[in-house]
Amino acid sequence: MYRTLVVFALLAAMCLAHTGACLAQNAAFLNRTPQKAGLLARLNRSRLPTLPGLPTASPLGLIAPRLSNAASLVQLGGMRSQAGRLSALGILSPRVSPLVALVRTPPKTRQARFLYGLTILSPRATVLVGMLQASRGLASSLN
């Protein structure tokens, strides 16, 4: 029941947010501040960049990886870029998108291969690992 309410609340927020405001990462380009962006775009902001085809390491990625990919599709330029096309595939299935990314452009580092493999198993676990990495990096930058 709780999950259903969360999904309906996110769908309502998506309907109420402006489509153009979902470009929170390109706020300087649009002469907007991130505080004026839509709710989904603000929930989808990540502290560290994510690999193409993965949900962002953000609260929206933890709650609903498919909505994270939908917001990323708009933020990454739509279907014109490879990352946008992988995000569109991630809307259909968050587990298939990293598999396609692995086949098309194999990652060079072992950590990136680990993240793609973890996303195939559980997209939410990957988001949690990314959020923990971002918090560790934030704590080290404050020292």
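Predicted model, so just to flag it, every value in this text is computed and none were measured. (Residues numbered from 1 in each chain as written. Predicted model: local features only at pLDDT ≥ 70, side-chain atom pairs only at ≥ 80, totals over all residues. Heavy atoms only, no water.)

### Here we look at the packing of helix 4 (residues 65–75) against helix 5 (residues 82–92)
Note the cut-off: Angles run from 0 to 180 degrees between N-to-C directions of axes, and those axes are lines fitted to C-alpha atoms, restricted for helices to the stretch in contact. Starting at the N terminus, helices and strands are each numbered in turn, a helix being any DSSP run of H or I of at least four residues and a strand any DSSP run of E of at least two. Angles below 35 degrees are treated as roughly parallel, those above 145 as roughly antiparallel, those between 65 and 115 as roughly perpendicular, and all remaining angles as oblique. Crossing handedness is read from the near helix: turned anticlockwise from the far helix by less than a right angle, it gives a left-handed crossing, and turned clockwise, a right-handed one. We call two residues in contact whenever any of their non-hydrogen atoms come within 4.5 Å of each other. Three categories are distinguished: nonpolar for Ala, Val, Leu, Ile, Met, Phe, Trp, Tyr, Cys and Pro, charged for Asp, Glu, Lys and Arg, and polar for the others, with Gly belonging to the last.
One way to put it is that helix 4 packs onto helix 5 with a least axis distance of 8 Å and a crossing angle of 155°. Compared by their axis directions, helix 4 and helix 5 come out roughly antiparallel. The two elements helix 4 and helix 5 cross, and the hand of that crossing is left-handed. Contacts from R66, N69, A70, S72 and L73 of helix 4 reach helix 5 at G84, S87, A88, G90, I91 and L92. Here the contact of helix 4 with helix 5 is composed, by residue class, of five nonpolar, five polar and one charged.

### A few points about the confidence of the model for the chain
Worth spelling out the cut-off: A residue's pLDDT is simply how confident the predictor is in it, with values from 0 to 100.
Per-residue pLDDT for the chain averages 79, and the proportion of residues at 70 or more is 76%. Ranking the elements of the chain by mean pLDDT puts helix 1 (residues 2–16) last, at 69, and helix 7 (residues 110–121) first, at 92. The low-confidence segment residues 19–36, where pLDDT is below 50, has 26 contacts with residues more than four positions distant or belonging to other chains.

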